[in-house]
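Chains, contacts and geometry: an overview
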Amino acid sequence: MYETIVHYISYSLAIFGAILVFYGGIRAAIKVLAKEILRKSYEYNDIRRDFTNKIVLGLEFFIAADLITSILQPTLNDVIVLAVIVAIRTVVGYSLNAELSELSPDKSE
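Residues numbered from 1 in each chain as written. Predicted model: local features only at pLDDT ≥ 70, side-chain atom pairs only at ≥ 80, totals over all residues. Heavy atoms only, no water.

What follows covers the confidence of the model for the protein. Averaged over every residue, the pLDDT of the protein is 84; residues scoring 70 or more account for 94%. In the model of the protein, helix α3 (residues 76-103) stands out as the element of lowest mean pLDDT, 82, in contrast to helix α1 (residues 2-37), which has the highest, 92. (pLDDT = per-residue confidence, 0-100. Helix = DSSP H or I, 4+ residues; strand = E, 2+ residues; numbered from the N terminus.)

Relative orientation of the contacting elements α1 and helix α2 (residues 44-72) amounts to 170°, with a least axis distance of 8 Å. Considered as vectors, α1 and α2 are oriented roughly antiparallel to each other. Its residues placed into classes, the contact of α1 with α2 shows 23 nonpolar, seven polar and seven charged. (Axes fitted to C-alpha atoms, helices over the stretch in contact; angles between N-to-C directions. Parallel < 35°, antiparallel > 145°, perpendicular 65-115°, else oblique. Nonpolar A, V, L, I, M, F, W, Y, C, P; charged D, E, K, R; others polar.)

Turning next to the side chain of K54. By secondary structure assignment, the location of K54 is in helix α2. At 3.0 Å, the side chain of K54 and the side chain of D50 are in polar contact. In this view, K54 contacts L20, V21, Y23 and G24; residues no more than four positions away in its chain are not counted. (Polar contact = N/O pair within 3.5 Å; in protein donor to acceptor, adjacent residues only side chain to side chain. Contact = heavy atoms within 4.5 Å.)

So, on to a nonpolar patch on the surface. On the surface, a cluster of nonpolar side chains totalling about 460 Å² of accessible area is made up of L76, I80, V84, I88 and V92. I80 gets classed as partly exposed once you look at its relative accessible area, which sits at 45%. (Patch = residues over 30% accessible without salt bridge, like charges linked within 9 Å, V, L, I, M, F, W, Y side chains within 5 Å. Areas by Shrake-Rupley, 256 points an atom, 1.4 Å probe, with all protein chains shown as cover. Salt bridge = Lys/Arg side-chain N within 4 Å of Asp/Glu carboxyl O. Buried < 20%, exposed > 50% of the residue type's maximum accessible area, 1.4 Å probe, protein only.)

On to the packing of aromatic side chains. A ring pair, where both rings are aromatic, is described by two values, the distance of the centres and the angle of the planes. Using the criterion set out here, one finds one aromatic pair in the structure. Summarising the aromatic geometry, the rings of F16 and F61 are spaced 4.8 Å apart at their centres and angled 70° between planes, so their arrangement reads as edge-to-face. One end of the pair, F16, is in helix α1; the other, F61, is in helix α2, and 45 residues separate them in sequence. Look at F61 and you get partly exposed, because its relative accessible area is 22%. The residue whose ring lies beneath K35 is Y44, and the NZ or CZ to ring-centre distance is 5.2 Å. (Phe/Tyr/Trp six-rings, centres within 6.5 Å; stacked < 30°, edge-to-face > 60°. Lys NZ or Arg CZ within 6 Å of the ring centre and 35° of its normal.)

So, about the packing of α2 against α3. It is at 9 Å that the axes of α2 and α3 come closest, and there the two elements cross at 160°. As the angle between them shows, α2 and α3 are arranged roughly antiparallel. Judged by the twist between their axes, the crossing of α2 over α3 is left-handed. Per-class residue counts for the contact of α2 with α3 are 13 nonpolar, seven polar and five charged. (Left-handed = near helix turned anticlockwise from the far one by under 90°.)

Here it is in structure tokens:
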């Protein structure tokens, strides 16, 4: 019973992370199309910053889902695989955060 509950919690977090990334991509695509076709006043850096925020938040949900899944599969091999996955996602998240700070409007040129 507990395994089923933990599985659904982990799956829900992963789905929510995917929804966030998908939502961010759709929003970015709509803003790019609005800028190009309708000549809206969006800046590409603002679009990138918004999309990157959604990706970083989605990655955090994926990491949480993986950590919760490791409760169900505590073998050494599974923990090593989880550590590698979390490390890769953490590096990607760190890189995206660095890009966000670079795109920050508070940064003086």
